[in-house]
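Spelled out, the chains give:
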Amino acid sequence: DDFSAGFRMPDTIFVQPPGKPLCRLVELVQRPAHTLLLLAGEGAQGSELAELNAALQTFAGNSPLFETLFTFATQSNLSANIGRLDRVEADLLGVKAITLLAVRPDGYVGLRSDRNHVRALKRYQTRILEGNGETGFVAGNSTLSGISES
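Thresholds, definitions, all that
- Residues numbered from 1 in each chain as written.
- Predicted model: local features only at pLDDT ≥ 70, side-chain atom pairs only at ≥ 80, totals over all residues.
- Heavy atoms only, no water.
- Helix = DSSP H or I, 4+ residues; strand = E, 2+ residues; numbered from the N terminus.
- Buried < 20%, exposed > 50% of the residue type's maximum accessible area, 1.4 Å probe, protein only.
- Lys, Arg positive; Asp, Glu negative; His and termini not counted.
- Salt bridge = Lys/Arg side-chain N within 4 Å of Asp/Glu carboxyl O.
- Contact = heavy atoms within 4.5 Å.
- Expected span 1.5 Å × (residues − 1).
- Arc of directions from axis to C-beta.
- Core = buried A, V, L, I, M, F, W, Y, C linked by side-chain atoms within 4.5 Å.
- Phe/Tyr/Trp six-rings, centres within 6.5 Å; stacked < 30°, edge-to-face > 60°.

1. Quick word on the side chain of Glu89
Reasoning step 1: Its location among the elements puts Glu89 in helix α3 (residues 87-92).
Reasoning step 2: At 11 Å, Arg24 is the nearest oppositely charged side chain to Glu89, a buried residue that forms no salt bridge.
Reasoning step 3: Ignoring anything within four residues of it in the chain, the contact list for Glu89 reads Thr12, Ile13 and Phe14.

Below is the structure:
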């Protein structure tokens, strides 16, 4: 099974934020609000990633729920504001193209979306802010773990 909603962020995944040293991914999500992680694997298209990164930066900046967005990619020829994710680490997280994770303040993944990222994020935010955050949907089934859209 891929790493999905309801899983706790592992402390064994390392990333390199832009202009900073290598660190554990879990260190970046230890915040009082939700953190967005945009992860790009080998199948990601650079232009799509850049557009999505910009849209999500704006979304996070205007949201009462999300504190920040970090973007990491296995490709090294991308924008200066995108950090580095090793291919092995991407595989461990099941990231093949572009994956969006919304990590809750308790360190658990509340949303994983592998497509329709902005739509899935808006749906997740609405459910949380309207007080329906106890249940989410995974492949159309009610669950307590969160929301996954693949």
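2. Comments concerning helix α2 (residues 46-61)
Reasoning step 1: An ideal rise of 1.5 Å per residue puts 22 Å on 16 residues; α2 measures up with 22 Å between its terminal C-alpha atoms.
Reasoning step 2: Listed as buried for α2 are Leu49, Leu52, Asn53, Leu56, Phe59 and Ala60. The buried residues of α2 occupy one face: seen down the axis, they fall within an arc of 130°. When the buried face of α2 is taken as reference, the exposed residues oriented beyond 90 degrees from it are Ser47, Glu51 and Gly61.

3. A look at the nonpolar core
Reasoning step 1: Judged by nonpolar contacts, the single largest core of 21 residues is most densely connected at Leu36, Leu38, Phe66 and Leu121.
Reasoning step 2: Mapped onto this core, the elements with two or more residues apiece are β3 (34-40), α2, β4 (66-73), β6 (98-103) and α4 (117-129).
Reasoning step 3: It is α2 that contributes the most residues to this core, five residues altogether.
Reasoning step 4: In this view, Leu38 contacts Leu49, Leu52, Asn53, Leu56, Leu69, Phe70, Thr71, Phe72, Ile98, Thr99 and Leu100; residues no more than four positions away in its chain are not counted.
Reasoning step 5: Within the second largest apolar cluster, 20 residues are counted, among which are Phe3, Leu28, Leu39 and Leu85.

4. A few points about the packing of aromatic side chains
Reasoning step 1: This structure, assessed with the given rule, holds three aromatic pairs.
Reasoning step 2: Here the aromatic rings of Phe3 and Phe7 are separated by 5.6 Å at their centres, their planes lie at 70°, and the arrangement is edge-to-face.
Reasoning step 3: Assessed through its relative accessible area of 7%, Phe3 is described here as buried.
Reasoning step 4: Its relative accessible area of 36% is what places Phe7 among the partly exposed residues.
Reasoning step 5: Arranged with centres 6.0 Å apart and planes meeting at 45°, the rings of Phe59 and Phe66 form a pair that is tilted.
Reasoning step 6: Given a relative accessible area of 16%, Phe59 falls into the buried group.
Reasoning step 7: On the accessibility criterion, Phe66 (3% relative accessible area) is buried.
Reasoning step 8: Aromatic ring contacts, followed pair by pair, group Phe59, Phe66 and Tyr124 into a single cluster.

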